[in-house]
Amino acid sequence: MASVLSYESLVHAVAGAGSVTAMTVFFPLDTARLRLQGVVNVLLTTPLWVVNTRLKLQGAKFRNEDIVPTNYKGIIDAFHQIIRDEGISALWNGTFPSLLLVFNPAIQFMFYEGLKRQLLKKRMKLSSLDVFIIGAVAKAIATTVTYPLQTVQSILRFGRHRLNPENRTLGSLRNILYLLHQRVRRFGIMGLYKGLEAKLLQTVLTAALMFLVYEKLTAATFTVMGLKRAHQH
């Protein structure tokens, strides 16, 4: 008891309280900074993604007659034709879904931490396999929840899609709900999830390995610092 109430313990307690206070005060600012970084990244890279998507799909045969074929000679020509024919704002097609998809990692971490806490109620420590599995499950949930937005994002980036009945070329984010409705009407609710299997294979394994490395590095850091994590949080 005397060691617990010692002067050294008091110093650590005060220092810890200062850290908690600083974190409490600046956490909203740090969160806002991270969100702002995500928004800026989306705004800067969306034109490149739009051109990239169109070049990839150029020459592909579409069963959907509403899609207008393109003929770009390269990146510069693609930028030129898009600006000339659709206006400069077309380079930011898909921005709104992209901004919403910034929250995909937040959903992923929320489910990861929730599943981890549930497992830690039953055992003292998580194995590498436990971390790998819950990381994969968390990413699978986040990807499945946000996949319809990714589908709309791809359609908007491609852009050359006629809107019925006016037969206009897509160039506005206001048509997101229309595109979702059309997708469901033509292909059913599962039309929003076409290609989901490939996306899961692409992202789930990567995310599971990331969480595994994250936990290992965190544990190693705490070990080096001479600290212990009670039940890994």
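Up top you'll find the structure we're talking about.
Note that the structure is predicted; figures quoted are calculated from it, not measured. (Residues numbered from 1 in each chain as written. Predicted model: local features only at pLDDT ≥ 70, side-chain atom pairs only at ≥ 80, totals over all residues. Heavy atoms only, no water.)

Asker: Would you mind showing me how to read the packing of aromatic side chains here?
Answerer: Aromatic ring pairs are described here by two measures, namely the spacing of the ring centres and the angle between the planes. The full count for this structure, using the stated rule, is three aromatic pairs. With a centroid separation of 3.9 Å and an interplanar angle of 15°, the aromatic rings of Tyr112 and Phe211 are classed as stacked. Here Tyr112, found in helix H4 (residues 104-120), pairs with Phe211, found in helix H7 (residues 196-224); they are 99 residues apart in sequence, far enough to count as distant. Judged by its relative accessible area of 0%, Phe211 falls in the buried class. Judged by centre distance (6.4 Å) and plane angle (15°), the rings of Tyr147 and Tyr193 are stacked. Remark: Tyr193 occurs in the loop between helix H6 (176-187) and H7 and Tyr147 occurs in helix H5 (residues 128-158); sequence separation between them is 46 residues. Under the relative-accessibility criterion, Tyr147 is labelled buried at 10%. Here Tyr193 falls in the partly exposed class, since its relative accessible area comes to 23%. Taken together, the ring pairs in this structure connect Phe109, Tyr112 and Phe211 into an aromatic cluster. (Phe/Tyr/Trp six-rings, centres within 6.5 Å; stacked < 30°, edge-to-face > 60°. Helix = DSSP H or I, 4+ residues; strand = E, 2+ residues; numbered from the N terminus. Buried < 20%, exposed > 50% of the residue type's maximum accessible area, 1.4 Å probe, protein only.)

Asker: Explain H6 here, please?
Answerer: Structural remark: α-helix, 3.6 residues per turn; residues separated by three or four positions point the same way. Under the 1.5 Å per step criterion, the end-to-end length of H6 is 16 Å for twelve residues, consistent within 8% with the ideal 16 Å. Considered for burial, the residues of H6 that qualify are Ile176, Leu179 and Gln182. Here the buried residues of H6 occupy an arc of 125° about the axis, which is enough to place them on one side. Opposite the packed face of H6, turned more than 90 degrees from it, sit the exposed residues Leu177 and Arg185. Buried residues along H6 sit in contact with helix H3 (95-100) and H5. Just past H6, the residue Gly188 takes up positive phi, approximately 85°. (Expected span 1.5 Å × (residues − 1). Arc of directions from axis to C-beta. Contact = heavy atoms within 4.5 Å.)

Asker: Hey, could you run me through the environment of Leu126 in this one?
Answerer: Among the secondary structure elements, Leu126 is positioned in the loop between H4 and H5. Given a relative accessible area of 7%, Leu126 falls into the buried group. Linking Leu126 and Glu215, residues 89 residues apart in sequence, is a C-alpha distance of 9.7 Å.

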